[in-house]
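# A look at the structure
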Amino acid sequence: QVQLVESGGGLVQAGGSLRLSCAVSGRTLSISGMGWFRQAPGKEREPVARITWSGGSTYYANSVKGRFTISRDNAKNTVYLQMNILKPEDTAVYYCAAQILFEPGYSYWGQGTQVTVSS
């Protein structure tokens, strides 16, 4: 089992920044990658960024490329999403998720944290 707890969401004005954290506990040795997703009201959940657990490879959705940065601190078992130049369309509930070795997709999800960007 892997447990994920997000934090760092809140209300920010357009152009501002937030840093989301995802604390990871449990069977961390079984994790191959971590992802951030978001779901806005009335929309489907979409991928935002991904990082391998080793930290060697990252992926970003085109909508956030150049503004968001995913990183991880393995010593703290924490994954971060630094969000800069926030836009109202970034408003959503943000979730972190864990990929497990030899398992398809994302097997574990956090409870989500709300990010609201005002114009």
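Sequence order sets the numbering: in each chain, residues are counted from 1 along the sequence as written. Local features in this predicted model are restricted to residues of pLDDT 70 or higher, and side-chain atom pairs are both shown and tallied only at a pLDDT of 80 or more, whereas totals for entire chains, interfaces and linings draw on every residue. As a rule here, side-chain values cover all heavy atoms of the structure and leave hydrogens and water aside.

### Examining unusual backbone geometry
- Even without a glycine there, the phi angle at Ile85 is positive, about 50 degrees.
- For each residue, the accessible area found with a 1.4 Å probe, counting protein chains only, is set against the maximum for its type, and the residue is called buried under 20%, exposed over 50%, and partly exposed in between. Classification of Ile85 by relative accessible area gives partly exposed; the value is 49%.
- Residue Phe102 is not a glycine yet carries a positive backbone phi of 70 degrees.
- Elements are defined by DSSP. Helices are runs of H or I of four residues or more, strands are runs of E of two residues or more, and each kind is numbered from the N terminus. Among the secondary structure elements, Phe102 is positioned in the loop between strand S9 (92–100) and strand S10 (108–109).
- Phe102 sits in the exposed class, given a relative accessible area of 84%.

### Things to note about the state of the cysteines
- A pair of cysteine sulfur atoms is labelled a disulfide when the two atoms are within 2.5 Å. Overall, the coordinates contain one disulfide when judged by the stated rule.
- Between the sulfur of Cys22 and that of Cys96 lies a disulfide, 2.0 Å long from S to S. Taking the torsion about the sulfur-sulfur bond, which here is approximately 55 degrees, the covalent link between Cys22 and Cys96 counts as right-handed. Taken together, the residues span a long stretch of sequence, with Cys22 in strand S3 (residues 18–26) and Cys96 in strand S9 at a distance of 74 residues.

### A closer look at the packing of aromatic side chains
- Working definition: rings of Phe, Tyr and Trp (its six-membered ring) pair if their centres are within 6.5 Å, and the pair is stacked with planes under 30 degrees apart, edge-to-face with planes over 60 apart, and tilted otherwise. All told, the structure shown has three aromatic pairs when counted by the stated rule.
- With a centroid separation of 4.8 Å and an interplanar angle of 55 degrees, the aromatic rings of Phe37 and Trp109 are classed as tilted. On the criterion of sequence distance, the pair formed by Phe37 in strand S4 (residues 31–39) and Trp109 in strand S10 is long-range, its members being 72 residues apart.
- Phe37 gets classed as buried once you look at its relative accessible area, which sits at 11%.
- Trp109 sits in the partly exposed class, given a relative accessible area of 31%.
- Chaining the aromatic ring pairs together yields one cluster made of Phe37, Tyr106 and Trp109.

### A word on the environment of Pro88
- Following the sequence through the fold, Pro88 ends up in the loop between strand S8 (78–83) and S9.
- Look at Pro88 and you get partly exposed, because its relative accessible area is 35%.
- Spatially, the C-alpha atom of Pro88 lies 16 Å from that of Phe37, the residues being 51 residues apart in sequence.

### Examining the sheet that holds strand S7 (residues 68–73)
- For two strands to be treated as a pair, DSSP must find at least two bridges joining them. One open sheet accounts for four strands, arranged S1-S3-S8-S7; its pairing is antiparallel. In this open sheet, the two edge strands, each paired with only one partner strand, are strand S1 (2–7) and S7. Going across the sheet, the axis of each strand differs from the next one's by a mean of 15 degrees, ignoring polarity.
- Bridge count between S7 and S8: six bridges; the pairing is antiparallel. In the sheet register, Arg72 faces S8, and the bridge partner there is Val79. To obtain an axis, a line is fitted to C-alpha atoms, over the contacting stretch when the element is a helix, and the angle between two such axes runs from 0 to 180 degrees between their N-to-C directions.

### Considering the side chain of Glu6
- Its place among the elements puts Glu6 in strand S1.
- When charges are counted, Lys and Arg contribute as positive and Asp and Glu as negative, whereas His and the chain ends are disregarded. Just to be clear on terms, a salt bridge is a Lys or Arg side-chain nitrogen sitting within 4 Å of an Asp or Glu carboxyl oxygen. For the buried residue Glu6, which engages in no salt bridge, the nearest side chain bearing the opposite charge is Arg45, 8.5 Å off.
- Two N or O atoms count as a polar contact when they lie within 3.5 Å, although within protein this holds only if one can serve as hydrogen donor and the other as acceptor, and sequence-adjacent residues are included solely when both atoms are side-chain atoms. At 2.8 Å, the side chain of Glu6 and the backbone nitrogen of Cys96 are in polar contact.
- When near neighbours in sequence (up to four residues on either side) are disregarded, Glu6 contacts Ser21, Cys22, Trp36, Tyr94, Tyr95, Cys96, Gly110, Gln111, Gly112 and Thr113. Residue contacts follow a heavy-atom distance rule, with two residues in contact if any of their heavy atoms lie within 4.5 Å.

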